[in-house]
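Here is how the chains run, residue by residue.
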Amino acid sequence: MPKALSPQLNRPDQIHALTSLRFFAALYVVFFHEFPGSQKIPSFILHLISLGFISVSFFFLLSGYILAIVYLPRTKLETRNFGVARFARIYPLLFVTLLADTPFLLHQRTALYGIKPAIVKTIGTLIGNMLLLQAWTAKLQYALNEPAWSLSVEAFFYASFPIIGKALWRLHGRSLWLTATAVYVFGQLAVWLLTVPMHMGELKFHPLLHLSTFALGILLARWQRDNNSRMAPAGPPTTLLYATLVLSIAAFFAIVQLGHRVPYTNLQHGLLAPLFAAVIWALSYPQFRVSQWLSQRWLVVLGESSFGLYLLHAVVLHWYVGTSEKMTGEQFAVYLFLCVGLSVLSFYYFETPVRRWLISAFKSRSRETLEAASDA
């Protein structure tokens, strides 16, 4: 049983259940990308796996929520320290995975263009990815370590956070709810209007179409902080937390059952954000029994390593079976073990030491605990 924690989520280290939840979200992405499938598996399960891309929207919303909790309640947001903390968290592993995936891109392009053009094109692609431009142009989106596109979007969020975060944090009461409704409705409307008449590949990753999901995470944190200040010390009733969680899960499975009748492009751009927000809200209270189960240390460790799992799995696949082969079920089990194991090793023996070194080298004072950093 984890140690007792205050039910009020006012400190950024009280996020154990949400940290663990990141592991399951990242694992969902891995299954979506690499699960070999089988005719013996029920179609409902296969369709469930085919929706694994929704985890990225969950990450975007959780990122806004955690960053808001860590930085916005304070009187001043130190943008330099914020920028250093974010760079130190995401860039080292991104840099390594891009380099590790480059030989496979070079091999593919050599077969298509010959060695000299392939080298020139690959160097250009590598530079564009290292500059985190891949979400802005379709030419970079499927080249190197495809899941890394979301970090290009996150970088845009980080750049806009000091502005939109401060603006949204000033909202209270009715204006907060009206803003949240408008952000969600107009965000989904923009996705539908822009992606239906245009080719999906041109806009699927565009940061502006994901910004509403990130903003909703900030608004959730703002509302929860206001609500907590009016709430009894024991927090919300446990029955309400259970009801919120059960209804959210039931709504998700209903959407899975509806199949392709749900707008695919909107699913990719935060259509399920209200469900994600409800789950995050319920699990953020440590007196909740489900939160306590998710706060077991081994699950938290996997959650802390989820960024590595998300960013490493495509590269591991290339080194494991190459770029075109399809895995068998047994190969997939070994592959999954490798991905999870390497992500844990990466977090403790590469990401964390390098993050601390960069923060020290830039003489920065990060407000992020290791756990908060892994969530944001």
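Residues numbered from 1 in each chain as written. Predicted model: local features only at pLDDT ≥ 70, side-chain atom pairs only at ≥ 80, totals over all residues. Heavy atoms only, no water.

*Asks:* Help me understand the overall build of the chain, please; the structure alone is not making it clear to me.
*Replies:* Across its full length, the chain holds 17 helices and 0 strands. Summarising its shape, the C-alpha atoms of the chain cover approximately 70 × 55 × 45 Å along the three principal directions. Within the chain, the fraction of its 376 residues that count as buried is 56%. Long-range pairs, those at least 24 residues apart, make up 79% of the contacts in the chain between residues at least 6 apart in sequence. Accessible area for the chain stands at about 17400 Å²; split by element, carbon and sulfur atoms hold 69% of it. Computed over 29 positive and 15 negative side-chain charges, the separation of the two mean positions in the chain equals 8 Å. (Helix = DSSP H or I, 4+ residues; strand = E, 2+ residues; numbered from the N terminus. Buried < 20%, exposed > 50% of the residue type's maximum accessible area, 1.4 Å probe, protein only. Contact = heavy atoms within 4.5 Å. Areas by Shrake-Rupley, 256 points an atom, 1.4 Å probe, with all protein chains shown as cover. Lys, Arg positive; Asp, Glu negative; His and termini not counted. Charge placed at Lys NZ, Arg CZ, Asp CG, Glu CD.)

*Asks:* Looking at this model, I keep getting lost on the layout of surface pockets. Mind explaining?
*Replies:* Empty space left among the atoms is revealed by rolling a probe the size of a water molecule over them. In this structure, the largest pocket spans a volume of roughly 760 Å³. Taken together, 23 residues make up the lining of the largest pocket; nearest its centre are L21, F24, Y28, I249 and F252. Looking at the lining of the largest pocket residue by residue, the classes come out as 21 nonpolar, 2 polar and no charged. The space that makes up the second largest pocket amounts to roughly 410 Å³. Secondary structure elements with two or more residues in the lining of the second largest pocket: α7 (173–195), α9 (211–230) and α12 (273–283). A breakdown of the residues in the lining of the second largest pocket according to their chemical character gives 14 nonpolar, 1 polar and no charged. (1 Å grid on protein atoms, 1.4 Å probe; cavity = no way out; pocket = protein on both sides within 12 Å on 5 of 7 lines; lining within 4 Å. Points joined across faces, edges and corners; volume = space filled by probe spheres on them. Nonpolar A, V, L, I, M, F, W, Y, C, P; charged D, E, K, R; others polar.)

*Asks:* Help me understand the confidence of the model for the chain in this model?
*Replies:* Caution is warranted with low-pLDDT regions, since their predicted coordinates should not be read in detail. Chain-level pLDDT for the chain is 90 on average; 93% of the residues reach the 70-or-more range. Within the chain, the lowest mean pLDDT, 64, falls on helix α8 (residues 200–203), and the highest, 97, falls on α12. Scored below 50 in pLDDT, residues 1–13 makes 34 contacts in the model with residues more than four places away or belonging to other chains. (pLDDT = per-residue confidence, 0-100.)

*Asks:* So what exactly am I meant to see when it comes to empty space enclosed by the protein here?
*Replies:* Within this structure, the stated rule accounts for 4 cavities of 30 Å³ or more. There is about 170 Å³ of room inside the largest cavity. Lining the largest cavity are 17 residues, and of these R22, F59, L151, E154 and F307 lie nearest its centre. Contributing elements (two or more residues each) for the lining of the largest cavity: α3 (54–71), α4 (79–113), α6 (149–169), α15 (306–321) and α17 (370–375). Residue contributions to the lining of the largest cavity peak at 4 residues, all from α6. Each residue belonging to the lining of the largest cavity can be placed in one class, and the counts come to 9 nonpolar, 3 polar and 5 charged.

*Asks:* Whenever I open this one, the packing of aromatic side chains confuses me. Can you help?
*Replies:* The geometry of two aromatic rings is summed up by the distance between their centres and the angle between their planes. All told, the structure shown has 31 aromatic pairs when counted by the stated rule. Between F31 and F332, the ring centres sit 5.1 Å apart and the planes meet at 80°, which makes this aromatic pair edge-to-face. Separated by 301 residues along the polypeptide, F31 in helix α1 (residues 16–34) and F332 in helix α16 (residues 329–361) bring together distant segments of the chain. When the ring of W136 is compared with that of F156, the centres are 5.5 Å apart and the planes differ by 85°; the resulting orientation is edge-to-face. Of this pair, W136 sits in the loop between α5 (115–130) and α6 while F156 sits in helix α6, and the two are 20 residues apart along the sequence. The structure contains a cluster of three or more aromatic residues connected by ring pairs, namely F60, Y71, F82, W136, W149, F156, F157, Y158, F161, F205 and F214. (Phe/Tyr/Trp six-rings, centres within 6.5 Å; stacked < 30°, edge-to-face > 60°.)

*Asks:* In this structure, what is going on with the nonpolar core? I would like to understand it.
*Replies:* Where a protein is soluble and globular, its nonpolar side chains tend to be buried together. Ranked by internal contacts, the top residues of the largest apolar core, which has 105 residues, are Y65, F161 and L283. When residues in this core are grouped by element, the largest group, 14 residues, is from α3. (Core = buried A, V, L, I, M, F, W, Y, C linked by side-chain atoms within 4.5 Å.)

*Asks:* Please clarify how the pattern of salt bridges should be interpreted in this entry.
*Replies:* By the definition in use, this model includes 5 salt bridges. Across the pair R297 and E304 runs a salt bridge whose closest N-O atoms are separated by 3.6 Å. Here E304 falls in the buried class, since its relative accessible area comes to 6%. (Salt bridge = Lys/Arg side-chain N within 4 Å of Asp/Glu carboxyl O.)

*Asks:* Sorry, what's going on with a nonpolar patch on the surface here?
*Replies:* A cluster of nonpolar residues, I115, I119, I123, I127, L131, L133, W136 and L208, forms a patch on the protein surface that exposes about 750 Å² of accessible area. Topologically, I127 is positioned in helix α5. (Patch = residues over 30% accessible without salt bridge, like charges linked within 9 Å, V, L, I, M, F, W, Y side chains within 5 Å.)

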